[in-house]
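Observations on chain architecture
So you can see what is in the structure, the chains are spelled out below.
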Protein chains: 2
Amino acid sequence: MSASRREPLKPGDTIGILGGGQLGRMLALAAARLGLKCQVFSPDPDSPAFDVVQNATCAEYADVEALEAFASEVDVITYEFENVPASAALVLAARKPVLPDHTILETTQDRLAEKDFVTRLGIGTAGYADVTSPQTLRDAVARLGLPAVLKTRRFGYDGKGQMMLRPGDDPEAAWASLETRAAILEAFVPFEREISVIAARGADGQVVSYDVTENEHSDHILKISKAPAAIPDAVADEARRIAKTIADALGYVGVLGVEMFVVPGADGPQVLVNEIAPRVHNSGHWTLDGASVSQFEQHIRAIAGWPLAEPLRHGTVTMTNLIGDDVHDYAGWLTVPGATVHLYGKRLAMPGRKMGHVTVVDPGKP
Amino acid sequence: MSASRREPLKPGDTIGILGGGQLGRMLALAAARLGLKCQVFSPDPDSPAFDVVQNATCAEYADVEALEAFASEVDVITYEFENVPASAALVLAARKPVLPDHTILETTQDRLAEKDFVTRLGIGTAGYADVTSPQTLRDAVARLGLPAVLKTRRFGYDGKGQMMLRPGDDPEAAWASLETRAAILEAFVPFEREISVIAARGADGQVVSYDVTENEHSDHILKISKAPAAIPDAVADEARRIAKTIADALGYVGVLGVEMFVVPGADGPQVLVNEIAPRVHNSGHWTLDGASVSQFEQHIRAIAGWPLAEPLRHGTVTMTNLIGDDVHDYAGWLTVPGATVHLYGKRLAMPGRKMGHVTVVDPGKP
């Protein structure tokens, strides 16, 4: 069934969400405000999203019977994470619309396919090479130079499944430690800034993107996002154009995040695409409090077949992730003027775990 | 147990909410954002608030066993409506903190007790008289004049349990039709405007109120709220002072709405209190999208023993209730610039039923 031919959801209809983390939770909260119900599918009984829905399915993604029952109880299906197993997506898509279309995951789950896709669109990326063996790795190093980053093609996130190769490192040892035969080598990018664009594309093809966000990572995990990014308008326009080009080329329906690098160039700063996240994105959390419509509501509107909204920003916005023990500072954040505290309801504050975030809106700086 | 001596809630703790309507639903959504769970108690299996919580208790308020089980599963209890049966409140308060303190309901559930309370604080109200019989009604009419409004002392809302007496009407017939022995007659107030103040009072006694809201009713049901109200600063200050005086005198913990009239006076406009709502209030719904912190989050913060936030308003805000068939216009509202649509998940759009609301923020007019 083509997404564009679907009937819009009606208030009271049910959205199925694959994944029960904070993204699923915030999607469900946005759907509730619009009078839509959600049912969450997650194998983890402690899923944060379970707290905010009446109906949850706690089962493995390989449990075909559970997937079929889930599909029968919802009107449309979406997901909060890009690593939805293809087999699960197939079972579901045979029964109910899955949005964004699950075939998009074939591109975004594979770093090589994703970079080839972006390159075919005429959009710049870091130099990269397919790596399948010690010999191809040596060839890639010879071509791209060091430092460079060796990454598994699939299932990497937050710095997992990747390692930096520096001059003098032994490529053979790195290859062995990655424990894969499907990797890519990415040239090191001497970026000025990391930015991202959160864009929504509706079932009718309308694309609405937010102001470009500037991001700071710590130990490969997003720590701080600021909107708007401190970049020239031309660079911001280019970044948003790139996100729209990608969304259009994917025939995307929903919200996606495109992570990019701003690098110095002879003719001024250039924008390279780092990664496409086919889902709501951590660097868009500021939109919950800093804009008239959040990325979560835009995603719900898109997959419901409803019109997207034009976001208005409430000022200069800074979003800080509460990672691991950071969450114990929540009480201090509660008294910061203009701060909004979001806690995800996770029980254990393990190192590196995203436990919540705080948005501070400064209305004085529009 | 004194509220002020309670330990603050911790993230992951559970708030029990009596009542499953849209106010309970929006309270639960606000609690979820702060990492707090909610359990909703309501006799109606179709309760809108059930959609957004994992645990719900569907039972009558007279079901002592259900109340006891509910109390055992939550850490603090609050309510979304002022007509909580005293017997239910007693059962619960013996087991867990009930906030705002349930004894406040004795005042606010009874129009006569409420007006006496406000009067004792030196705050103006419409002229009123206790009415218990045809003779006391005739005496009241002689004293207050007509037109005047005859109201049951208890269980009135949205115009229910009240009738206008006009010159020439037969008081005896009015008395008979009201089917009560406990009523008050209220003098007709030739008001310039209806306004309200939404105020939060924390467990530590801190009071934070929002900008005064101006309200328009239609068939006794709130139709439109605008913030800020178009009134002189001195009148707004007086309105907020009145709300604080009431909150302090009640030893209130949570959010309350105070409905007031602005009437012309010899020395300029005067403020009279019409009604106290010991709960989040429809005229405060604009704070969800028009302020940096909503009335729902303030209520949750207060009953959690957390600090209140100082709200910043995002512009000039207009909130329109979607009543009955109005809800079928939701799709049109979705495309209005700056509009945020809230639908409550109610199945049947019966006449007079509050089905949702829309907030429009105009950032150009701060």
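Residues numbered from 1 in each chain as written. Chains lettered and ligands numbered in written order. Predicted model: local features only at pLDDT ≥ 70, side-chain atom pairs only at ≥ 80, totals over all residues. Heavy atoms only, no water.

1. A word on the relation of the copies chain A and chain B
Two copies of the chain are present, and they differ by a rotation about an axis and a shift along that axis. Note the following rule: The superposition of copies rests on a least-squares fit of C-alpha positions from residues with pLDDT of 70 or more in both. Two residues form a contact once any of their heavy atoms are found within 4.5 Å.
Take chain A, turn it by 180°, move it 0.0 Å along the axis, and it overlays chain B with an RMSD of 0.0 Å. Such a combination of rotation and displacement between the chain copies is what one expects of a two-fold axis. Taken as a fraction of all interface residues of chain A, those also at the interface in chain B reach 100%, which identifies the copy contact as same-surface.

2. As for the domain arrangement of chain A
Residue and element names in this part refer to chain A. The test is simple: Start and end positions for the domains come from either an automated domain assignment or a database one. A 1.4 Å probe defines the accessible area here, and the buried area is the portion of it lost by two parts on being joined, summed over both. What makes a salt bridge here is a side-chain nitrogen of Lys or Arg within 4 Å of a carboxyl oxygen of Asp or Glu, nothing more. Counting of polar contacts relies on pairs of N or O atoms within 3.5 Å, with two restrictions inside protein: one atom must be capable of donating a hydrogen and the other of accepting it, and residues adjacent in sequence are counted only when both atoms are side-chain atoms.
What the domain assignment lists for chain A is domain 1 (3–98), domain 2 (127–187) and domain 3 (193–362). Of note, the centres of domain 2 and domain 3, computed from C-alpha atoms alone, are 28 Å apart. The interface of domain 2 with domain 3 comprises 5 residues on the first partner and 5 residues on the second. With both chains or domains summed, domain 2 and domain 3 bury close to 340 Å², and 35% of this area falls on carbon and sulfur atoms. The interface formed by domain 2 and domain 3 includes 0 salt bridges. Remark: the boundary between domain 2 and domain 3 carries 0 residue pairs in polar contact (both at pLDDT 80 or more).

3. What to know about the interface of chain A and chain B
Counting residues at the interface gives 34 residues for chain A, matched by 34 residues for chain B. Summing both sides of the interface, chain A and chain B together bury roughly 3,000 Å²; the carbon and sulfur share of this comes to 56%. Between chain A and chain B we count 4 salt bridges in total. Of the charged contacts in the structure, one is a salt bridge between Arg33(A) and Asp289(B), with a shortest N-O distance of 3.3 Å.

4. Quick look at helix α8 (residues 233–250) of chain A
Think of an α-helix as 3.6 residues a turn; residues three or four steps apart then line up on the same face. All names here are of chain A. As a reminder, the rule being used: Every helix listed is a DSSP run of H or I at least four residues long, and every strand listed is a run of E at least two residues long, numbered separately from the N terminus. To estimate how far a helix should extend, the number of its residues minus one is multiplied by 1.5 Å. Relative accessibility thresholds used throughout: buried, under 20% of the residue-type maximum; exposed, over 50%; partly exposed, between the two (1.4 Å probe, protein chains only). Of all possible arcs, the one meant is that of the directions from the helix axis to the C-beta atoms.
Compared with an ideal rise of 1.5 Å per residue, which puts 18 residues at 26 Å, α8 spans 26 Å between its outermost C-alpha atoms and is within 8% of the ideal. Among all positions in α8, only Val235, Ala236, Ala239, Ile242, Ala243, Ile246, Ala247 and Leu250 are buried. The buried residues of α8 all sit within an arc of 130° when viewed along its axis, so they share a single face. With respect to the buried face of α8, the exposed residues turned more than 90 degrees away are Asp233, Ala234 and Asp237. The secondary structure elements touched by the buried residues of α8 are α4 (104–108), α5 (111–120), β9 (193–201), β13 (254–263) and β14 (270–277). Looking one or two places after α8, you find Gly251, whose phi comes out positive at around 60°.

5. Concerning the pattern of salt bridges
Close approach of charged atoms lets side chains of opposite charge pair. Within this structure, the stated rule accounts for 44 salt bridges over all chains. Between Asp110(B) and Arg153(B) there is a salt bridge, and its shortest N-O distance comes to 2.6 Å. Note that Asp110(B) is positioned in the loop between α4 (104–108) and α5 (111–120) and Arg153(B) in the loop between β6 (148–152) and β7 (162–165), a separation of 43 residues in sequence. Accessibility assignment for this pair places Asp110(B) and Arg153(B) in one class, buried. When the shortest N-O distance is used, the salt bridge between Glu297(B) and Arg301(B) registers 2.9 Å. Residue Glu297(B) and its partner Arg301(B) are located together in helix α10 (residues 295–304), separated by 4 residues, close to a single helical turn. A relative accessible area of 0% places Arg301(B) in the buried class. Connected through shared salt-bridge partners, Arg33(A), Glu297(A), Arg301(A) and Asp289(B) make up one network.

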